[in-house]
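Topology and contacts: notes
Listed here are the chains, written in short residue letters.
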Amino acid sequence: MNSAGMYRTPDGRNTLLRFARSIWQGYRRISQSPGAAVSLILLAILVTIAILAPYVTPYDPYATYVGPRLAPPSRAFLFGTDLLGRDLLSRIIYGSRLSLVVGVLSALVSLIFGVLLGTISGYFGGLIDSLLMKIVDVWLGFPPLIFALAIVTILGKGVNNVVLAVGISGIPRLARVVRAQALSVREVPFIEAARAIGASPWRIMLVHLVPNVIPTVIILSTLQIASAIISASSLSFLGMGAQPPTAEWGLMLQEGRAYMRHAWWMTVFPGMALFLTVMAVNLLGDRLRELLDPRFSRRRQ
Amino acid sequence: MLKYTFRRILGSLPVFFIVLTLAFAVIRLVPGDPVRNIVGGQPVSSQVMENLRKYFDLDKPAIVQYFNFIRKAVVGDFGVSYRSRQPVTRVFFEQLPATLQLAAGGILVSILIGGTLGILAGLFPDTWLDTILMFIALMGVSMPTFYSGMLLILIFCVTLKLLPVIGGSGLIGVILPSISSGLWSAGNLARLIRSAILEVMSEDYIRTARAKGLRERAVVLRHAARNALIPVVTLMGLHLALFFGGAAITETVFARQGVGRLLVDSVLEKDYPMVQFGILFTTSAYVVINLFVDLLYGMIDPRIRYE
């Protein structure tokens with residue numbers, strides 16, 4: 001990607017300033033794009049509900065027998081109750097806290113290490129690059145679910161380890177893309193200029209390279225959040241993530257699986273929450289891509 | 001091209017070696033004693049434990065185990081499964097057909113649905129049709145496999161009672177799992193095809209083709225399709241590899257047998273030899289598929305040459 005405007009200024013601070021400005025412009029354009037507006041509103045509602053969970057839930061999500069067991073949706077229990085008579089709506093609302101936090105944190109893990117690996121590999125090139133990329137290739141070849149599963153079994157079950165496991169399995173994808181970006185930026189004159197005046201490699205990477213890969217990284221990490229939310233709940237679904245009685249969407253689906261014949265609400269509603277959340281995040285990622293990635297701006301005259 | 005293929009295979013040998021080493025190391029990091037799992041938590045004398053340890057080559061230091069493992073792996077001996085006491089290769093290849101079936105079904109669903117959505121959206125960009133199709137694709141991308149699987153079961157097995165819930169063998173049994181696992185791939189494919197078509201259609205050679213008076217059909221089929229195919233083939237290769245190793249969720253939801261489920265269970269039960277071989281196999285599948293994809297590039301686009 002060679003949008004000329006992006007790295008015209010040799011001075012790092014200006015690059016950051018320009019970047020901040022482009023974010024602001026992006027925000028203004030986002031607010032005009034209907035798809036993005038919808039996704040932002042959806043996400044805002046979701047986050048608000050997640051934060052205000054204790055105040056908006058009708059019941060305690062962990063209190064058993066607040067109603068009859070396996071009660072179908074009714075006015076008292078909008079989404080019905082589960083096997084232990086817990087209110088599903090309250091549990092789904094609390095589940096949003098977990099999924100959002102896990103999604104963001106594990107995307108952050110992939111992001112930090114992915115950018116680090118990718119930048120080093122792309123900037124230094126040569127032996128370091130081919131070695132690192134060989135590792136990344138093998139890493140990509142590992143089935144991601146099995147990889148995350150192995151990490152969780154090594155570290156032990158539980159949400160914290162799920163964050164690490166999902167985060168680590170997301171690293172190679174980001175590293176790949178960031179490296180490609182860094183490679184293309186590396187050849188730009190201002191990098192050469194910085195090298196010529198004696199800037200250290202770390203300084204060049206941090207001040208000159210990283211800001212230029214940020215747009216790509218923002219898009220990727222948004223999409224990474226979406227897939228991290230799915231992976232995390234997949235692990236819980238397989239019994240390796242959140243443990244009962246935690247209110248977690250994947251776990252709730254697992255609990256509902258045995259009662260599909262008798263209590264469809266136990267699978268339909270938690271899954272719907274998961275699906276809509278992921279969709280909102282993906283929608284945001286798509287719009288960001290259209291705004292920030294010049295390759296995706298329409299090329300027709 | 002033969003020379004290129006040969007060189008690529010040689011070049012991936014170190015990858016296999018790294019994978020073997022990693023698989024060996026990672027599974028041994030899982031805490032707990034595999035021999036405890038082998039006896040299934042039953043109280044046994046320490047003599048029995050010792051014998052088992054010896055039988056499975058677990059009594060030696062890790063480094064010796066490692067060299068023994070590599071030495072045998074080179075000649076195709078991957079050891080005996082701790083759980084079933086059968087050669088891991090036999091156990092694995094018994095489960096493989098079910099997974100291959102699912103992978104084929106998933107790819108088929110992906111190409112049928114994703115291809116249709118993507119091509120239509122790409123040929124009529126910025127129309128209401130495009131908007132609707134891309135929204136459907138977004139839904140596919142955002143749908144967790146286990147949720148789509150359970151919804152399908154709810155709709156077709158519980159409510160409509162069209163299909164048996166569990167274990168329907170043969171073609172019937174593979175329909176719903178294929179749809180469930182293919183939806184995500186279809187969504188991704190549709191999005192990719194659309195953007196590939198948009199990109200290709202704005203190229204100069206398309207304008208040239210139109211300028212020389214070719215019919216739109218010929219422009220699309222002969223000039224656009226071929227060029228749009230490259231990223232599509234790349235994505236399909238990647239997804240095929242994912243179907244091999246990532247089928248565990250679908251197999252769990254539909255209570256199917258298969259490699260994914262086998263691998264998950266083996267990790268959980270610390271069946272070292274099984275995990276090692278499973279990871280080697282899925283990674284090899286990834287490498288081989290990638291090689292095929294690269295060779296396909298040359299057939300699609302004669303400008304690509306292999307030296």
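A quick note: this is a predicted structure, and the numbers were derived from the prediction, not measured.

Conventions used here
- Residues numbered from 1 in each chain as written.
- Chains lettered and ligands numbered in written order.
- Predicted model: local features only at pLDDT ≥ 70, side-chain atom pairs only at ≥ 80, totals over all residues.
- Helix = DSSP H or I, 4+ residues; strand = E, 2+ residues; numbered from the N terminus.
- Buried ≥ 20, exposed ≤ 12 C-beta atoms within 10 Å, placed from the backbone.
- Contact = placed C-beta atoms within 7 Å.
- Expected span 1.5 Å × (residues − 1).
- Nonpolar A, V, L, I, M, F, W, Y, C, P; charged D, E, K, R; others polar.
- pLDDT = per-residue confidence, 0-100.
- Axes fitted to C-alpha atoms, helices over the stretch in contact; angles between N-to-C directions.
- Left-handed = near helix turned anticlockwise from the far one by under 90°.

Our next topic: the overall build of chain A. Across its full length, chain A holds 11 helices and 0 strands. Within chain A, buried positions represent 48% of all 301 residues. Restricting to contacts in chain A with at least 6 residues of sequence separation, those with at least 24 account for 69%.

Attention now goes to the overall build of chain B. Broken down by element type, chain B carries 13 helices and 0 strands. The N-to-C order of helical and strand elements in chain B reads α-α-α-α-α-α-α-α-α-α-α-α-α. Buried positions account for 40% of the 307 residues belonging to chain B.

Let's shift gears to helix α6 (residues 144-155) of chain A. When the terminal C-alpha atoms of α6(A) are compared, their 17 Å separation across 12 residues agrees well with the 16 Å that a helix rising 1.5 Å per residue should span. Considered for burial, the residues of α6(A) that qualify are A:Pro144, A:Leu145, A:Ile146, A:Phe147, A:Ala148, A:Leu149, A:Ala150, A:Ile151, A:Val152 and A:Thr153.

Let us look at the interface of chain B and chain A. At the interface, 36 residues of chain B touch 33 residues of chain A. Looking at the side of chain B that touches chain A, the elements with two or more residues in it are α1 (2-29), α6 (128-142), α7 (145-159), α11 (248-253), α12 (259-268) and α13 (272-300) of chain B. Of all the elements, α1(B) adds the most residues to the side of chain B that touches chain A, at 7 residues. Residue composition of the side of chain B that touches chain A, by class: 28 nonpolar, 7 polar and 1 charged.

A word on the environment of B:Ala104. Residue and element names in this part refer to chain B. Along the chain, the position of alanine 104 falls in helix α5 (residues 88-123). The partly exposed category is assigned to alanine 104, around which 14 C-beta atoms lie within 10 Å. Alanine 104 sits 102 residues away from isoleucine 206 along the chain, and the two C-alpha atoms are 34 Å apart.

Residues and elements named next belong to chain B. Across chain B, the average pLDDT comes to 85, with 96% of residues at or above 70. Mean pLDDT in chain B bottoms out at helix α2 (residues 34-38), which sits at 75, and peaks at α6, which reaches 93. Overall fold confidence (pTM) sits at 0.85, and the ipTM for the predicted complex is 0.85.

Residue and element names in this part refer to chain A. Their axes nearest at 5 Å, the elements helix α4 (residues 88-124) and helix α7 (residues 159-186) cross at an angle of 35°. Remark: the crossing between α4 and α7 carries right-handed chirality. Residues that form the contact of α4 with α7 fall into these classes: 23 nonpolar, 9 polar and 2 charged.

With that settled, the discussion passes to unusual backbone geometry. With an omega of 5°, the peptide bond between A:Pro244 and A:Pro245 qualifies as cis. Looking at the element boundaries, A:Pro245 is found in the loop between α9 (201-237) and α10 (249-257). One non-glycine residue, B:Arg85, adopts positive backbone phi at about 60°. Of note, B:Arg85 is situated in the loop between α4 (62-74) and α5. Positioned with a positive phi, B:Lys270 is a non-glycine residue whose angle comes to about 55°.

Looking at the element boundaries, B:Gly79 is found in the loop between α4 and α5. With 20 C-beta atoms packed within 10 Å, B:Gly79 lands in the buried category.

Attention now moves to the confidence of the model for chain A. Atom-level detail of predicted coordinates should not be read off regions where pLDDT is low. For chain A, the mean per-residue pLDDT works out to 83, and 89% of the residues sit at or above 70. Note that residues 1-9 of chain A has pLDDT below 50 and, in this model, 15 contacts with residues that lie over four places away or in other chains.

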